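Reading the structure
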Amino acid sequence: MLMEDVLLIRYSEIHLKGLNRPFFERKLIEGIKRALNNHKVYVIREQGRIYVKGLRQCETDEAIDKLKRVFGIHSVSRAKVFKKDWDTICAGVTGMVERLLNERDCATFKVAARRSDKQFPLNSDQINRKLGELLLSRFSKLKVDVHDPDFIIGVEVRDEVYVYTGETGCSGGMPTGTAGRVVLLISGGIDSPAAGFMLAKRGAELSAVHFYSFPYTSERAKDKVIELTRLLSLYAGTIKLHLVPFTEIQTAVYEKCPSKETTVLMRRQMMKIAEMIAHEDGAKALVTGESLGQVASQTLESLAATDDAVKIPVFRPLIGFDKDDIMDLARKIGTYETSILPYEDCCTVFVPRHPVTRPSVDSVRASESAADFEDLNVHALAEREILNIG
Ligand code: ATP
Ligand code: MG
């Protein structure tokens, strides 16, 4: 009896894509291969499913764990593959249910068959009924419950027959590399990594930029951002991280501009430098971790005054999130524990005592003429360090 183990992968939204579907599927397969590059596997696409073959039994748990982080996957099942022969299928299914009942205490089940191969003599309903009857006669304590069963036996009749008894939910989203590139402004805080995750989940590739202020911020703060970027890259693939020295710019803002506008003026320079990086890296938008009203620099007026500094779109995927929601997301994606390590952010070092909460665009533009920020920004960019992470 052929009893190969495979992973059966279900897509999330790709089925909605019309003519572009092959492109999305190709990107998904690339993502799967990237995640499993330590394993010797074959990744095969067939009729709206992807199969991973060649895994050894002892590798499957680890592989499923990695696939949970691949965007574009709805769920994964560990399946057994049988020849399209009814007796083989019956024996195989009985064996699988027997093993399951040895591991778990279950009282109810249902069979959910799908027949893609219309040549197969039994249709889905008939397969459900016949296998149901077989299992009822073989395992006396089992009953059928079609609404809320303890376990479902999935049977898919294709080129061969795939049978599974469980399904692991994955990240969903769109495959990495299907949405173009964005530049994430990443601090060492909780919010910006979560914001980057949201865009990556929708298929965007990430460049990231971090501004640091030696000697006011330490090497440790920089390492923390590198680690956060690495954690994000587990989902988003390789991330190009730009580490930009910001001390000269901050000093100029601090010494030459009205102190109440310090934060918004610093933020504008960050945006301008990030926009230059976007042009270099072929990115089409910027991403920040701001959420409406969280702090003085996150009022509608402040956000508008910040956006005024650049031409490309600025996305703030957390704009409507409460801090608690953001913390939950950060925990879920695994960045929270690193984000809460103590660190100094360049913004907190130069925080004004009385920041404006409703800056006017005209006023901040005028304040900016006190120093040659264009030159300072270009200079800072020239001094940056670039790391490819992940
Ligand atoms: P975070 O948790 O990401 O630090 P926050 O809510 O604390 O966000 P701020 O510190 O005010 O907010 O920063 C707002 C956004 O500006 C951040 O989410 C991030 O996108 C960007 N930002 C702030 N500081 C830096 C920095 N040093 N380098 C790069 N981006 C930064
Ligand atoms: Mg912060």
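Fair warning: this is a prediction, and the values are worked out from it, not measured in the lab.

Here's the deal with the packing of helix 3 (residues 86–103) against helix 4 (residues 124–138)
- At a minimum axis distance of 11 Å, the contact between helix 3 and helix 4 shows a crossing angle of 50°. Judged by the inter-axis angle, helix 3 sits oblique to helix 4. Here helix 3 and helix 4 pass one another in a crossing that is right-handed. Contacts between helix 3 and helix 4 involve Trp86, Cys90, Val93, Thr94, Val97 and Glu98 on the former and, on the latter, Ile127, Lys130, Leu131, Leu134, Leu135 and Arg138.
- Of the residues in the contact of helix 3 with helix 4, the class split is eight nonpolar, one polar and three charged.

Looking at the site of ligand 1
- Near ligand 1 lie 21 residues; those nearest to it are Leu185, Ser187, Asp191, Ser192 and Gln294.
- Take leucine 185: an N or O atom from its main chain is 2.7 Å from an oxygen atom of ligand 1.
- Glutamine 294 places a side-chain nitrogen or oxygen 2.5 Å from an oxygen atom of ligand 1.
- Here ligand 1, which alone exposes 570 Å², has 91% of that area covered by the protein.
- Among the secondary structure elements, those contributing two or more residues to the shell around ligand 1 are helix 5 (191–201), strand 11 (205–212), helix 8 (262–281) and helix 12 (346–349).
- A total of three residues in the shell around ligand 1 trace back to one element, the largest contributor, which is strand 11.
- Broken down by class, the residue content of the shell around ligand 1 amounts to eight nonpolar, nine polar and four charged.

As for the environment of glycine 54
- Its location among the elements puts glycine 54 in the loop between strand 3 (49–53) and helix 2 (60–67).
- Residue class for glycine 54 comes out partly exposed when judged on its relative accessible area of 36%.
- A C-alpha to C-alpha distance of 7.8 Å links glycine 54 and aspartate 5, two positions 49 residues apart in sequence.

Section: unusual backbone geometry
- Cis geometry is found at the peptide bond from phenylalanine 214 to proline 215, where omega equals 0°.
- Tracing the backbone shows proline 215 in the loop between strand 11 and helix 6 (219–236).
- For glutamine 47, which is not a glycine, the phi torsion comes out positive at approximately 45°.
- As for its position among the elements, glutamine 47 is in the loop between strand 2 (42–46) and strand 3.

A short note on a nonpolar patch on the surface
- Side chains of Leu136, Val144 and Val146 sit close together on the surface and give an oily, nonpolar patch of about 230 Å² of accessible area.
- Its place among the elements puts valine 144 in strand 6 (residues 143–144).

Procedures and definitions
Residues numbered from 1 in each chain as written. Chains lettered and ligands numbered in written order. Predicted model: local features only at pLDDT ≥ 70, side-chain atom pairs only at ≥ 80, totals over all residues. Heavy atoms only, no water. Axes fitted to C-alpha atoms, helices over the stretch in contact; angles between N-to-C directions. Helix = DSSP H or I, 4+ residues; strand = E, 2+ residues; numbered from the N terminus. Parallel < 35°, antiparallel > 145°, perpendicular 65-115°, else oblique. Left-handed = near helix turned anticlockwise from the far one by under 90°. Contact = heavy atoms within 4.5 Å. Nonpolar A, V, L, I, M, F, W, Y, C, P; charged D, E, K, R; others polar. Near = heavy atom within 4 Å. Polar contact = N/O pair within 3.5 Å; in protein donor to acceptor, adjacent residues only side chain to side chain. Areas by Shrake-Rupley, 256 points an atom, 1.4 Å probe, with all protein chains shown as cover. Buried < 20%, exposed > 50% of the residue type's maximum accessible area, 1.4 Å probe, protein only. Patch = residues over 30% accessible without salt bridge, like charges linked within 9 Å, V, L, I, M, F, W, Y side chains within 5 Å. Salt bridge = Lys/Arg side-chain N within 4 Å of Asp/Glu carboxyl O.

Limitation: the analysis is restricted to geometry and does not speak to function.
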